[in-house]
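Analysis of the macromolecular model
Each chain is listed here by its residues.
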Amino acid sequence: MKRILIIEDERMSASRLKRLISDIDDTLDVIGPLTTVEEVIETIKRDTAFDLIISDIRLHDRLVFEAFHEVMPRCMVIFTTAYDEYALEAFRHNGIDYLLKPIEQDALANAINKLKATNQVSPPWEGLGEVARLLRCFRERILVTRGDELIPLRTDSVRYFCIEDNIVTAYTNQGDSYRIPLTMNDLEQQLNPDLFFRLNRQYIAHIDSIRKISFFFSSKLIVRLTGCDDDHIVISKEKSALFKQWLDR
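Not measured: the values here are computed from a predicted model.

Per the secondary structure count, the chain includes eight helices and 17 strands. Residues counted as buried form 41% of the 249 residues belonging to the chain. Taking as baseline every contact in the chain between residues at least 6 positions apart, the subset at least 24 positions apart corresponds to 54%. Accessible area for the chain stands at about 13900 Å²; split by element, carbon and sulfur atoms hold 47% of it.

Quick look at the structure:
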């Protein structure tokens with residue numbers, strides 16, 4: 001092991017991590033810190049010759065997984081995290097190590113020495129996608145307004161979201177509708193993908209709202225949603241396969 005990349009947006013944490021690595025092995029070449037998702041994408045696209053990445057999960061209120069979905073690292077990643085034990089268990093099952101903040105020198109040394117011993121620089125990175133899914137913090141509520149009221153709308157009460165004339169509206173199980181201060185792309189990124197699916201440009205549906213699915217020409221599908229008057233919601237050929245996989249998990 002020769003090169004370690006640090007991804008960390010807290011200056012003091014990054015400096016301390018560098019000192020700890022130097023104390024453990026002063027022959028290691030430490031690069032970074034990278035502090036934004038954009039920097040991570042640009043750097044890993046340009047340079048893949050890292051033996052280890054030590055990465056914080058949150059970078060300025062974004063997740064480093066956004067970068068890893070764009071460009072997958074070719075080396076082991078040790079995440080620094082304060083997540084609960086159930087999430088940390090996911091790391092263990094996927095062969096991805098972790099360190100709890102504040103990082104202890106012994107824990108860091110053990111992680112680095114373990115990687116040196118196993119020489120595992122090309123791990124099965126299909127596991128990272130599952131870890132990313134488990135660790136993402138999905139929206140549970142959206143703050144909406146009605147008249148002079150502020151209402152914390154629970155996402156699990158929404159049947160579907162629809163956009164018309166650039167206005168996004170949530171339609172609930174109770175038959176209410178609320179204008180949403182988010183774009184459809186924002187919702188697609190922030191909602192739990194186990195529960196919500198982007199049917200097309202106009203609709204995002206909760207899985208429990210799927211009332212009927214019909215075959216359409218050219219391998220497309222037509223979906224009908226509970227409580228929705230639109231009986232001709234078309235899913236493209238490209239999305240139909242993903243939609244069926246989503247339903248069949």
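Okay, the pairing of strand 15 (residues 210-215) next. Where strand 15 and strand 16 (residues 221-225) come together, five bridges link them in antiparallel fashion. Paired with I213 across the bridge in strand 16 is V223. Here strand 15 folds back onto strand 16 in antiparallel fashion, the turn holding five residues, of which S218 has a positive phi close to 60°.

With that settled, the discussion passes to the sheet that holds strand 13 (residues 196-198). Strands sit in the order 12-11-10-14-13 across an open sheet of five strands; the sheet is antiparallel. Single-partner strands in this sheet number two, and they are strand 12 (177-179) and strand 13. Averaged over all pairs of adjacent strands, the angle between their axes in this sheet comes to 20°, without regard to strand direction. The pairing of strand 10 (residues 158-164) with strand 11 (residues 167-172) spans six bridges and is classified as antiparallel. Bridging across to strand 11, Y160 finds its partner in Y171.

For the rest of this paragraph, the subject is the pairing of strand 14 (residues 203-206). Across the two faces of strand 14 the burial is the same, with Y203 and A205 and I204 and H206 all buried. With three bridges connecting them, strand 10 and strand 14 associate as antiparallel partners. Note on strand 14: the bridge partner recorded for Y160 is A205. In the sheet, strand 13 pairs with strand 14 via three bridges, with the strands oriented antiparallel. When the bridges of strand 14 are listed, F197 appears paired with A205. Taken together, strand 13 and the strand that follows it, strand 14, pair antiparallel across an intervening segment of four residues.

For the rest of this paragraph, the subject is the environment of R224. For R224, the location among the structural elements is in strand 16. In the structure, R224 is positioned 14 residues away from I210 in sequence and 6.4 Å away in space, judged by C-alpha atoms. A distance of 3.3 Å separates polar atoms of two side chains, one belonging to R224 and the other to S214.

Of note, the amide linkage connecting G32 to P33 takes the cis form, showing an omega dihedral of 15°. Here the phi dihedral of D165 falls at roughly 55°; this positive angle occurs in a residue that is not glycine. Mapped onto the secondary structure, D165 falls in the loop between strand 10 and strand 11. Even without being a glycine, N166 presents a positive backbone phi close to 65°. Turning to its location among the elements, N166 is positioned in the loop between strand 10 and strand 11.

Among the nonpolar cores identified, the biggest contains 20 residues, and L5, I7, V40, I44, I53, F68 and F79 are the most heavily contacted of them. Contributions of two or more residues to this core are made by strand 1 (3-7), helix 2 (37-46), helix 3 (65-70) and strand 6 (76-81). If one sorts the elements of this core by residue count, helix 2 sits on top with four residues. Aside from chain neighbours lying at most four places away, what touches I7 is L34, V40, I53, I54, S55, D56, L59, V64 and F68.

The next subject is the confidence of the model for the chain. Mean pLDDT over the chain works out to 84, with 85% of the residues at or above the 70 mark. Within the model, the stretch residues 120-125 combines pLDDT values under 50 with 16 contacts to residues more than four positions away or in other chains.

Moving on: the sheet that holds strand 6. Strand order in the open sheet made by the five strands is 2-1-3-6-7, with parallel pairing throughout. Of all the strands in the sheet, just strand 2 (29-34) and strand 7 (98-100) have a single pairing partner and so form its edges. Adjacent strand axes in the sheet meet at a mean angle of 20°, parallel and antiparallel pairs treated alike. Seen against the sheet, helix 2 touches strand 1, strand 2 and strand 3 (52-56) and runs at an angle of roughly 145° to strand 2.

Before going further, it helps to examine the packing of aromatic side chains. In this structure the tally under the stated criterion is nine aromatic pairs. Aromatic side chains F161 and F196 sit 5.9 Å apart centroid to centroid with 50° between the ring planes, which places their arrangement in the tilted category. Highlighted residues: F161 in strand 10 and F196 in strand 13, separated in sequence by 35 residues. The aromatic ring of F197 is capped on one face by K239, whose charged end is 5.6 Å from the ring centroid.

Parameters at a glance
- Residues numbered from 1 in each chain as written.
- Predicted model: local features only at pLDDT ≥ 70, side-chain atom pairs only at ≥ 80, totals over all residues.
- Heavy atoms only, no water.
- Helix = DSSP H or I, 4+ residues; strand = E, 2+ residues; numbered from the N terminus.
- Buried < 20%, exposed > 50% of the residue type's maximum accessible area, 1.4 Å probe, protein only.
- Contact = heavy atoms within 4.5 Å.
- Areas by Shrake-Rupley, 256 points an atom, 1.4 Å probe, with all protein chains shown as cover.
- Pairing = 2+ DSSP bridges.
- Axes fitted to C-alpha atoms, helices over the stretch in contact; angles between N-to-C directions.
- Polar contact = N/O pair within 3.5 Å; in protein donor to acceptor, adjacent residues only side chain to side chain.
- Core = buried A, V, L, I, M, F, W, Y, C linked by side-chain atoms within 4.5 Å.
- pLDDT = per-residue confidence, 0-100.
- Phe/Tyr/Trp six-rings, centres within 6.5 Å; stacked < 30°, edge-to-face > 60°.
- Lys NZ or Arg CZ within 6 Å of the ring centre and 35° of its normal.

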